[in-house]
Amino acid sequence: MLRMHHSATEPFRKAWRWVPGLYAAGEIPSSMIIYVSLLMFLQLGCGPALSTCYSALLFLPGALLPLCRNLLFRMGYVRVQLYGVQLALLASLVWLAVVFPYGRLHLLVPLAAVSTLCVWYRMLVDAVYEQQVDARGRQFLALPVLLARQASVVLTYGVLIILVGGLQVLMRQFLVAWSRGIYIMALVMLLLFVAVLLMHRFPAVRLRPSASSSSSFSWCTLALLFLLLLPQSLMFYARVLMLLDGRGQGGLSCTIQEVGFAQGTVGVLAFCLGGTISRLLLLHGASSWLRMTMMLALGLSPAVYLLMTVCPPSGLFMLCVATFMAQLCFGLGLGACRTLLCRLSVPVASSTVNVLHIPAIAACMILPMACSGWMVEQMGYHHFFLLTTLLAPLSWVVIGWSGVLRSPVE
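## Examining the packing of aromatic side chains
In this description, a pair of aromatic rings is defined by centroid distance and the angle of the planes.
Point 1. Tallied over the full model, the rule gives 12 aromatic pairs.
Point 2. Judged by centre distance (5.8 Å) and plane angle (20°), the rings of Phe 100 and Trp 178 are stacked. On the criterion of sequence distance, the pair formed by Phe 100 in the loop between α6 (78-99) and α7 (104-132) and Trp 178 in helix α9 (residues 174-199) is long-range, its members being 78 residues apart.
Point 3. Classification of Trp 178 by relative accessible area gives buried; the value is 0%.
Point 4. Arranged with centres 5.4 Å apart and planes meeting at 85°, the rings of Phe 384 and Phe 385 form a pair that is edge-to-face. An identical accessibility class is assigned to Phe 384 and Phe 385; each is buried.
Point 5. Here the aromatic cluster, defined as three or more aromatic residues joined through ring pairs, consists of Tyr 35, Phe 59, Tyr 157, Phe 236 and Tyr 237.

## Some details on helix α16 (residues 359-379)
Point 1. Its 21 residues place the ends of α16 30 Å apart at the C-alpha level, agreeing with the 30 Å of an ideal helix rising 1.5 Å per residue.
Point 2. The largest bend in α16 is about 35°, located at Ser 372.

## Considering the packing of helix α3 (residues 48-57) against α16
In a pair of packed helices, the angle between the axes and the distance between the axes together describe the arrangement.
Point 1. Where α3 meets α16, the closest approach of the two axes is 7 Å, and the angle between their N-to-C directions is 175°. One finds that α3 runs roughly antiparallel with respect to α16. Across the interface between the two elements, Pro 48, Ala 49, Thr 52, Cys 53 and Ala 56 of α3 pack against Ile 366, Met 369, Ala 370, Ser 372, Gly 373, Trp 374 and Glu 377 of α16.
Point 2. Taken together, the residues of the contact of α3 with α16 sort by class into 8 nonpolar, 3 polar and 1 charged.

## Details of the environment of Arg 138
Point 1. Inspection of the secondary structure puts Arg 138 in helix α8 (residues 135-171).
Point 2. The class for Arg 138 is partly exposed, based on a relative accessible area of 26%.
Point 3. Each C-alpha atom of the pair Arg 138 and Val 19 lies 9.9 Å from the other, and the pair is 119 residues apart in sequence.

## With respect to the pattern of salt bridges
Point 1. All told, the structure shown has 1 salt bridge when counted by the stated rule.
Point 2. A salt bridge links Arg 149 to Glu 27; the nearest nitrogen and oxygen atoms lie 2.8 Å apart. Linking Arg 149 in helix α8 with Glu 27 in helix α2 (residues 19-43), this pair joins segments that are 122 residues apart in sequence.
Point 3. According to the relative accessible area criterion, Arg 149 is buried, its value standing at 4%.

## With respect to a nonpolar patch on the surface
Point 1. The grouping of Leu 273, Ile 277, Leu 281, Phe 317, Met 318, Val 321, Phe 324 and Met 325 at the surface amounts to a nonpolar patch, some 680 Å² of accessible area in total.
Point 2. Of all the secondary structure elements, the ones that give two or more residues to the nonpolar patch are α11 (256-283) and α13 (316-335).
Point 3. Tallying contributions element by element places α13 first for the nonpolar patch, with 5 residues.
Point 4. Structurally, Val 321 can be placed in helix α13.
Point 5. The class of Val 321 is partly exposed, set by a relative accessible area of 34%.

## A short note on the nonpolar core
Point 1. The biggest cluster of nonpolar side chains holds 110 residues, and the ones touching the most others in it are Val 19, Met 32, Met 40, Leu 111, Tyr 121, Trp 178 and Phe 385.
Point 2. Excluding residues that lie within four positions of it along the chain, Val 19 makes contacts with Tyr 129, Val 133, Leu 141 and Val 145.
Point 3. In terms of nonpolar packing, the next biggest core, distinct from the first, is built from 5 residues, Ala 270, Ala 297, Cys 329 and Leu 332 among them.

The rules we used
- Residues numbered from 1 in each chain as written.
- Predicted model: local features only at pLDDT ≥ 70, side-chain atom pairs only at ≥ 80, totals over all residues.
- Heavy atoms only, no water.
- Phe/Tyr/Trp six-rings, centres within 6.5 Å; stacked < 30°, edge-to-face > 60°.
- Helix = DSSP H or I, 4+ residues; strand = E, 2+ residues; numbered from the N terminus.
- Buried < 20%, exposed > 50% of the residue type's maximum accessible area, 1.4 Å probe, protein only.
- Expected span 1.5 Å × (residues − 1).
- Bend = angle between axes of the 7 residues up to and from the residue.
- Axes fitted to C-alpha atoms, helices over the stretch in contact; angles between N-to-C directions.
- Parallel < 35°, antiparallel > 145°, perpendicular 65-115°, else oblique.
- Contact = heavy atoms within 4.5 Å.
- Nonpolar A, V, L, I, M, F, W, Y, C, P; charged D, E, K, R; others polar.
- Salt bridge = Lys/Arg side-chain N within 4 Å of Asp/Glu carboxyl O.
- Patch = residues over 30% accessible without salt bridge, like charges linked within 9 Å, V, L, I, M, F, W, Y side chains within 5 Å.
- Areas by Shrake-Rupley, 256 points an atom, 1.4 Å probe, with all protein chains shown as cover.
- Core = buried A, V, L, I, M, F, W, Y, C linked by side-chain atoms within 4.5 Å.

What follows is the structure, given as structure tokens:
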């Protein structure tokens, strides 16, 4: 019995050395696309409407490319594809750093290339992970992988933004400072991937196309997901706009360093904590009323930003407290909707790590995120966040009527 137990856990003992690093390396450029691209467009002189539109368009590869998953897996061997995509990612990041000072149109093309390659990279890593690590190993690795990816988000959305802000103060050239920050990010990603290669040699075998299909896909389920995420999709970029905008326009006049610390560090950690708490509660058999309570917490997130428009935080500490509460509620509420996400037949490896990587999530968020900047310009921050707060009860009614909360957690 002891030998059998040792054999069953052997894949985990080998995989923990390379799996978290493999995911963390891909999360660095992905976080730049999801979170940092908006700041790039804003600092290039784009208005809120154009900045949110351009940033939302970068989610299109995440919604469309997974539809070609099986076709991509038939193109070649895992080793060739992983090395090729990683080199292409590095080349795209260098391209981005070189063309950054030349304007937004030059920036959009390399960012789109990075976004597409990030999605391809994630699909390859998910396939390798599911092929080389058994179910027991994946169960033990779920938390290390989550921590590794969230650490990369903090590194990119938090530390990188603070570093770029500091370079802008020292160099007095904010476009050149962004280029230097992107070079540093590419170097960190390269070092992570090299470390993974030193610990694990990927076999030259073909990836197996997924046997799962979209037969269980439901447009009704997608519509429910859209309604549930509508308030969060609208405020995904708008909250950053409010932090950066001046007091005269209803914003908080935060520096880019303060945005990196409050949103990119404190906010990300709070979201991860909320998601972890909700997942643990659900795994231990949360009742329907407890799931309803967690879903109600989802509506408190926009209410926090509405409160900030009425009573602006007096300093960085109070801003971090408000951001922590908003993102904690977001993580708790989104975790309670895991049953709904399971209905969309998403890969297990993706759904347990970062919800923004699920194709259905990306598809539901693109249009509201793209329109949010224009809506802020037309409505102002107070009325905008009042609208997002009032939209939350509508999603509760729809989700409650659909019976999702009474479904068993998978």
